[in-house]
Amino acid sequence: MASFNVFLDPAGTHPFGLAVIVLGPTGVTYENQCGGFLTETRSAEGFLVLVPPIDFDPEASEAFDVEGALLTFFHREFRGNLPAPEEWSQTQLADLANIVSRIPFWVTPSGVVPAALMHVALDRDRLAELTEAWVPVTTPYGPGILVFANCD
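Owing to the predicted nature of the structure, the values given are computational and were not obtained by experimental measurement.

A.B. asks: Quick rundown of the packing of aromatic side chains? Include the residues and the values.
C.D. replies: Throughout the structure, instances matching the rule amount to nine aromatic pairs. Residues Phe73 and Phe74 carry aromatic rings whose centres are separated by 5.1 Å and whose planes lie at 85 degrees to one another, so their mutual orientation is edge-to-face. Residues Phe73 and Phe74 agree in their burial class; the two are buried. Put simply, the rings of Phe73, Phe74, Phe78, Trp88 and Phe148 pair up and form one aromatic cluster.

A.B. asks: Requested: an account of the pattern of salt bridges, with residues and values cited.
C.D. replies: Per the counting criterion, the structure on display carries five salt bridges. Note that Glu77 and Arg76 form a salt bridge whose closest N and O atoms lie 3.1 Å from each other. Taking relative accessible area as the criterion, Glu77 reaches 29% and is therefore assigned partly exposed. For Arg76, a relative accessible area of 46% translates into the label partly exposed. Note that Arg126 is salt-bridged to Asp123, the shortest N-O span being 2.9 Å.

A.B. asks: So what's going on with the side chain of Thr131? Residues and values would help.
C.D. replies: With respect to the helices and strands, Thr131 occurs in the loop between β9 (121-122) and β10 (134-139). When neighbours within four sequence positions are excluded, Thr131 is seen to be in contact with Cys34, Gly35, Arg42, Phe74 and Leu82.

A.B. asks: So what's going on with helix α1 (residues 66-78)? Residues and values would help.
C.D. replies: Helix length check: α1 (13 residues) gives 18 Å between terminal C-alpha atoms against 18 Å at 1.5 Å per residue, within 8%. Among the residues of α1, Val66, Ala69, Leu70, Phe73, Phe74 and Phe78 are the ones counted as buried. End-on, the buried residues of α1 take up no more than an arc of 125 degrees, which puts them together on one face. Of the residues flanking the start of α1, the one acting as N-cap is Asp65, its side-chain oxygen 3.4 Å from the backbone nitrogen of Glu67. One or two steps after α1, the chain reaches Arg79, where phi turns positive at roughly 50 degrees.

A.B. asks: Tell me what's going on with the sheet that holds β10, and back it up with residues and numbers.
C.D. replies: The strand order across the open sheet built from seven strands is β1-β3-β4-β2-β11-β10-β9, with neighbouring strands paired in mixed fashion. Because the sheet does not close on itself, it has two edges, and the strands there are β1 (4-7) and β9. Pairing of β1 with strand β3 (residues 28-34), which is carried by four bridges, proceeds in the parallel orientation. The residue of β3 that forms the bridge with Val6 is Tyr30.

Rules of the game
Residue positions are given per chain, counting from 1 as you read along its sequence in written order. For a predicted model such as this one, the threshold for reporting local features is a pLDDT of at least 70, and the threshold for listing and counting side-chain atom pairs is 80 or more; totals across whole chains, interfaces and linings nevertheless cover every residue. Neither water nor hydrogens contribute to the side-chain values; these are computed over all heavy atoms in the structure. Pairing of aromatic rings covers Phe, Tyr and the six-membered ring of Trp, with a centre-to-centre limit of 6.5 Å; geometry is then stacked below 30 degrees between planes, edge-to-face above 60, and tilted otherwise. Classification of residues uses two cut-offs on accessible area relative to the type maximum, computed with a 1.4 Å probe and protein chains only: under 20% is buried, over 50% is exposed, and between them is partly exposed. A carboxyl oxygen of Asp or Glu within 4 Å of a side-chain nitrogen of Lys or Arg is what we treat as a salt bridge. Helical segments are the DSSP runs of H or I of at least four residues, strand segments are the runs of E of at least two, and each set is numbered from the N terminus. We call two residues in contact whenever any of their non-hydrogen atoms come within 4.5 Å of each other. One less than the number of residues in a helix, times 1.5 Å, gives the span that helix is expected to have. Read the arc as the range of directions from the helix axis to the C-beta atoms. Here a polar contact means two N or O atoms within 3.5 Å. Within protein one must be a hydrogen donor candidate and the other an acceptor candidate, and residues neighboring in sequence count only if both atoms are side-chain atoms. A strand pair is defined by DSSP finding two or more bridges across the two strands.

Next comes the structure, spelled out in structure tokens:
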């Protein structure tokens, strides 16, 4: 099988919104700049799912700007200078988990079952990977990485 590398927004000038790299052996590796001002480049193999930046709650008839909340959270808490994940407070982790839980994720099963709207969750078993623009999550398809524009 051929393998391919895809760098998300290589020039850093065209933010792509929110996406999840669902981890798996696909032969396609996605790279993203992350880590705030450290400007790390990380990569993961899998398939990319674009996720809506807005979560709409029909019961409350309100929209929640997930992308804006993520960017605001990282700016407010760290201003681009992220500590190691083990130095995050429980409040910071809870706040991030709350925002991440609002990210809509459509599941499209095989067969006659209709698509279903679900949400991702912060993967607390993989917090060692956590930094700005690279957030470990669980999805209905398995483990993934939430990626978005880095603040640098």
